[in-house]
Amino acid sequence: MVRVLIAEDSDTARALLVEILRTDPTVEIVGEARDGLEAVAMTERLRPDVVTMDIHMPRLDGFGATKEIMIACPTPIVVVSGTDLAAETETAARALAAGALAIIPRPSVRSDNFRRSARELVSMVKSMAGIKVIRRRRDPDALVRRPLPARQGSVRAVAIAASTGGPAALHAILRELPATLPVPLLAVQHITPGFIGGLVRWLSSASAIRVKLAEDGEPLLPGTLYLAPDGSHLGIAPGVTVSLSGAPPIGGFRPSADHLFESLGRVFGARGLGVILTGMGADGLQGLKRLREARGAIVAQDETSCVVYGMPGVAVAAGLADAVLPLEAIARRIVTLATPTVDGLVGVPPTEQRR
């Protein structure tokens, strides 16, 4: 049985979640919390396998409750949002940074997609229940920041991919990158549709570099992170511009890490750096193989600092990673490998430099 604690202040919404989750005979509702403080106390007392967490609750909101649970009693947490995604995305992103594993919209009985949304909620809760989570520090910003190395290398563009645990990992990396980073970055983050805009705003608030949603055809500029939008593959066109594609999902994903890494290798070759972060599954493995064939560099997040050692784990097991690093060391490695301006052209692959 998967033992679930529901944290939701609305009686109606809480009753709906109970009804949906009880449609699966392997799910047991062990408690119902009406605010964040109750959620923290009941998690410590009942030790559920997973907590579904509302964002807007009295006394202590979902972000604060998630943070306290991950400090006091680490437990898999799924943020179940209301229907107003735009109003909740930034707060939900903070919950992901605090340790929540995923965000999913709360099914609406007035929606034509109610049955499908309900099935997705049950599936998400059950899949997250078995994930091993790590205890968080009470003040994550108290980490000692080491000086970045001065040596620079040969990378002209960086592609990053992540899934479960990725928003917090991206946040940790971006806050360590200097505004003067002389290369562009592109990222695929598997996240529930509707939340990517809030993730962009939240990451921007912590980063010295520019963070934006990628737009088809725009040039890749240094010191900028381009995030894949909902429902589109993110890649790089030969003219060193963003390429968005509505092609079918790859391995069930669109955007796909495989697509991004493959295009990085095709356009930048040995001047490309692929970074594979925490996440379930094997998305990115085939793309990293193509990047390796093109002589690009590959960095994988280590198991200890991952929420889920799936995506980086398969890359390491396949012998693709040039370096396996703890999360706090990845930003420094990116800076080390970034190439300074060559003839005023930043982010231009070797084949384009002398034309």
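Our subject is the structure listed above.
Report follows, based on the coordinates. Keep in mind the model is a prediction, meaning the values are calculated, not measured. Residue positions within a chain follow its written sequence, with the count starting from 1. The predicted origin of the model limits local features to residues at a pLDDT of at least 70 and limits the giving and counting of side-chain atom pairs to 80 or more, whereas totals for whole chains, interfaces and linings rest on all residues. Think of the side-chain values as coming from all heavy atoms in the structure, minus any hydrogens and water.

**Regarding the overall build of the chain**
Rules: Helix and strand definitions here come from DSSP, where helices need a minimum of 4 consecutive H or I residues and strands a minimum of 2 consecutive E residues; each element is numbered from the N-terminal end. Any two residues having at least one pair of non-hydrogen atoms within 4.5 Å are treated as being in contact. Note on areas: Shrake-Rupley, 1.4 Å probe, and residue coverage restricted to the protein chains presented here.
Across its full length, the chain holds twelve helices and 14 strands. The long-range share in the chain, meaning contacts at least 24 apart out of those at least 6 apart in sequence, stands at 73%. When the accessible surface of the chain is summed, it comes to about 14700 Å², and 51% of that surface belongs to carbon and sulfur atoms.

**Observations regarding the packing of helix 6 (residues 166-174) against helix 11 (residues 327-337)**
Note the cut-off: With axes taken as lines fitted to C-alpha atoms, and helix axes fitted only over the stretch in contact, angles between N-to-C directions fall between 0 and 180 degrees. Orientation categories follow fixed angle ranges, with anything under 35 degrees roughly parallel, anything over 145 roughly antiparallel, 65 to 115 roughly perpendicular, and all other angles oblique. A crossing counts as left-handed when the near helix is turned anticlockwise from the far one by less than a right angle, and as right-handed when that turn is clockwise. Gly falls in the polar group here, along with every residue not listed as nonpolar (Ala, Val, Leu, Ile, Met, Phe, Trp, Tyr, Cys, Pro) or charged (Asp, Glu, Lys, Arg).
The contact between helix 6 and helix 11 brings their axes to 8 Å, and the two run at 50 degrees. With respect to helix 11, the element helix 6 is oriented oblique. Relative to helix 11, the crossing made by helix 6 is right-handed. On helix 11, the residues touching Ala-169, Ala-172 and Ile-173 of helix 6 are Leu-327, Ile-330, Ala-331 and Ile-334. Tallied by class, residues from the contact of helix 6 with helix 11 come to seven nonpolar, no polar and no charged.

**Thoughts on the side chain of His-233**
The condition that has to hold: Relative accessibility under 20% of the residue-type maximum defines a buried residue, over 50% an exposed one, and the middle range a partly exposed one, all with a 1.4 Å probe and only protein chains included. In protein, a polar contact requires one atom able to donate a hydrogen and another able to accept it; more generally it is a pair of N or O atoms within 3.5 Å, and residues adjacent in sequence count only if both atoms are side-chain atoms.
You can see His-233 is positioned in strand 10 (residues 233-237). Overall, His-233 belongs to the buried group, its relative accessible area being 0%. At a separation of 3.4 Å, a polar atom in the side chain of His-233 contacts the main-chain carbonyl oxygen of Ala-247. A distance of 3.3 Å separates a polar atom in the side chain of His-233 from the backbone nitrogen of Ser-256.

**A word on the environment of Phe-114**
Secondary-structure assignment places Phe-114 in helix 5 (residues 114-129). Sequence-distant contacts of Phe-114, that is, excluding residues within four places in its chain, are made with Leu-16, Ile-20, Pro-107, Ser-108 and Val-109.

**Comments concerning the sheet that holds strand 8 (residues 210-213)**
How we decide: Only strands that DSSP links by at least two bridges are regarded as paired with each other.
Strand order in the open sheet formed by seven strands is 8-9-7-6-12-13-14, with parallel pairing between adjacent strands. If you trace the sheet from one side to the other, it starts and ends with strand 8 and strand 14 (323-325), each paired once. Strand-to-strand twist across the sheet, computed as the mean angle between neighbouring axes with direction ignored, equals 20 degrees. Looking at chain direction, strand 7 (residues 185-189) and strand 9 (residues 224-227) are connected through three bridges and run parallel. Counted as the bridge partner of Leu-186 is Tyr-226 from strand 9. On the sheet, helix 8 (residues 257-268) packs against strand 6 (157-162), strand 7 and strand 12 (272-276) and is oriented at approximately 165 degrees with respect to strand 6.

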